Amino acid sequence: MTDIFDILIIGGGINGAGIARDASGRNLKVCLVEKNTVGSATSSWSTKLIHGGLRYLENYEFRLVRESLKEREIIKKIAKDIIKPIPFIIPHIPTQRPKWLIQIGLFLYDKLGGKTSLPKSKKINISSAIPNILKNKYNTGFEYYDLQVDDKKLVQLNIDDAKRNGAIIFENKTVTDVLRNKDFWSIKLNDNTIIQSKILINASGPWINEVLKKTIKINSKKVIRLVKGSHIITKKLYEHNKAFTLQNPDKRIVFVIPYKKNYSLIGTTETEVETPDNPEIDKGEIEYLINTVNNFFIKQISSDDIIDTFSGIRPLIEDFKEASKVTRDYVFDLNTSHNNAPLLNIYGGKLTTYRKLSENVIESLKPFLPSNLLTSWTGSKEL
Ligand SMILES: Cc1cc2nc3c(=O)[nH]c(=O)nc-3n(C[C@H](O)[C@H](O)[C@H](O)COP(=O)(O)OP(=O)(O)OC[C@H]3O[C@@H](n4cnc5c(N)ncnc54)[C@H](O)[C@@H]3O)c2cc1C
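A short tour of the structure in this document, coming up. (Residues numbered from 1 in each chain as written. Predicted model: local features only at pLDDT ≥ 70, side-chain atom pairs only at ≥ 80, totals over all residues. Heavy atoms only, no water.)

Remarks on the overall build of the protein
Alright, step 1. Across its full length, the protein holds eight helices and 18 strands.
Alright, step 2. For the protein, whose C-alpha radius of gyration is 22 Å, the value lies close to the compact-globule estimate of 21 Å for 383 residues.
Alright, step 3. If one aligns the C-alpha atoms of the protein with their principal axes, the spans along those axes are about 70 × 45 × 40 Å.
Alright, step 4. Here the protein holds 383 residues, and the buried ones make up 55% of them.
Alright, step 5. Once local pairs closer than 6 in sequence are excluded, the contacts in the protein between residues at least 24 apart make up 73%. (Helix = DSSP H or I, 4+ residues; strand = E, 2+ residues; numbered from the N terminus. Rg over C-alpha atoms; globule rule 2.2 N^0.38 Å. Buried < 20%, exposed > 50% of the residue type's maximum accessible area, 1.4 Å probe, protein only. Contact = heavy atoms within 4.5 Å.)

Some words on helix α8 (residues 354-365)
Alright, step 1. Between its terminal C-alpha atoms α8 stretches 16 Å, which fits the 16 Å expected from 12 residues at 1.5 Å a residue.
Alright, step 2. When α8 is considered as a whole, its buried residues turn out to be Tyr 354, Arg 355, Leu 357, Ser 358, Glu 359, Val 361, Ile 362 and Leu 365. (Expected span 1.5 Å × (residues − 1).)

Comments concerning the pattern of salt bridges
Alright, step 1. A full pass over the atoms with the stated rule returns 27 salt bridges.
Alright, step 2. A salt bridge links Lys 48 to Asp 151; its shortest N-O distance comes to 2.9 Å. Note that Lys 48 is positioned in the loop between β2 (30-33) and β3 (49-50) and Asp 151 in helix α5 (residues 151-164), a separation of 103 residues in sequence.
Alright, step 3. With relative accessibility at 6%, the residue Lys 48 sits in the buried group.
Alright, step 4. What makes Asp 151 buried here is its relative accessible area of 2%.
Alright, step 5. Residue Glu 67 pairs with Arg 63 through a salt bridge whose shortest N-O separation is 2.7 Å. Taken together, the residues span about one helical turn, with Glu 67 and Arg 63 both in helix α2 (residues 62-78) at a distance of four residues. (Salt bridge = Lys/Arg side-chain N within 4 Å of Asp/Glu carboxyl O.)

Observations concerning the environment of Val 256
Alright, step 1. Considering the arrangement of structural elements, one finds Val 256 in strand β13 (residues 253-259).
Alright, step 2. Looking at Val 256, the relative accessible area reads 0%, which means it is buried.
Alright, step 3. Taking the C-alpha atoms as reference points, Val 256 and Leu 157, separated by 99 residues in sequence, lie 27 Å from one another.
Alright, step 4. With sequence-adjacent residues up to four places away left out, Val 256 is seen in contact with Leu 237, Tyr 238, Ala 243, Phe 244, Leu 246, Ser 264, Leu 265, Ile 266, Val 293 and Phe 297.

Section: the site of the ligand
Alright, step 1. Around the ligand, the structure places 38 residues, and the nearest of them are Glu 34, Thr 42, Ser 43, Leu 49 and Gly 349.
Alright, step 2. Note that an oxygen atom of the ligand is positioned 2.5 Å from one of the side-chain N or O atoms of Thr 42.
Alright, step 3. Val 175 is positioned such that a nitrogen or oxygen atom in its backbone is 3.1 Å from a nitrogen atom of the ligand.
Alright, step 4. Against a free-state accessible area of 1,000 Å², the protein chains account for coverage of 94% of the ligand. (Near = heavy atom within 4 Å. Polar contact = N/O pair within 3.5 Å; in protein donor to acceptor, adjacent residues only side chain to side chain. Areas by Shrake-Rupley, 256 points an atom, 1.4 Å probe, with all protein chains shown as cover.)

That is the geometry; function is a separate question.
In structure tokens:
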């Protein structure tokens, strides 16, 4: 291949796909390399929510929640065939979070993102609004809305649009080695193809530091913790269209969400792991999720009710807090060492913020891109 690309992206998860779409739509020459198929890793193992992240307010993450709520509104418009608004019920537990705290949180959640087309939150009487689902002691609750998304399709739609814009997408090809020059990178794939690109973006999700160390051969300035989150899928636990946001004694949240036509999706957990490869649910996580459901629901479940499970890995930037308190925000690490061709490493992020993240990637690379670069466009064109 003789062409020099403007940008080569390692990783075809939602972040890589979003960047490929955005950059190619601004007439940049883009190549993306994915070692499996696009959207086959973390981006299809999520809880499948486009959400502001109500619980991040407790950690004072107002920037992240505001951006996520704004993005929720945009994604609702540009990906309307693959999203669905869902009402979430938080059963009130006086010993956990007081009513006033939840009400302040929901007030902010309604307001922080600006104008929203989703219904506002409200207090409800659980026994009359959704009778015979939760145990009697859960009488008062709060209802708010978020979106459910087909996460894997969201990746695919971004990739399809990137291709329409001229991006070259390689699947089942691994970036195995790179050589850094003053003005460009030479990037080697596992089939010995060499590709040249002016800018390299490492969007390999939980593999980020592995790719950085073993393939790009630079030591990361950021320490990450790999934290596994698992889900179980059961036959649907109830007939309603509502989801539940369940507060656990450990202060964590577990969601029970209607999934496809006949199922309930229940998750997630937080277990530190050593490697990003092949995450699988363990016995402790199964027990934790089953116990949570059984604490709240009249219908009791056991491991026999589990139809399927899946797990994904969060690459959380180490800040020595409990995993549930570590930020879900994204961080860029731009490396231009000795004025060589630039490398941008992308840490963290959420499905919800992928579009804005992609815009911010282009913004942060502007000094290295043509001065007549087209302006941002992805917020108003349907996927
Ligand atoms: C359990 C869990 C639940 C979540 N729930 C939500 C949610 O409900 N809502 C939300 O907004 N966010 C959620 N998130 C966060 C969201 O899923 C992630 O932020 C997002 O999917 C990360 O996308 P990514 O592109 O960074 O990583 P990935 O999707 O993992 O993509 C990285 C890709 O890089 C590829 N790769 C690695 N090395 C190489 C190489 N050498 N060559 C080529 N390719 C390579 C991998 O194969 C992979 O496909 C959740 C995360 C987890 C773990």
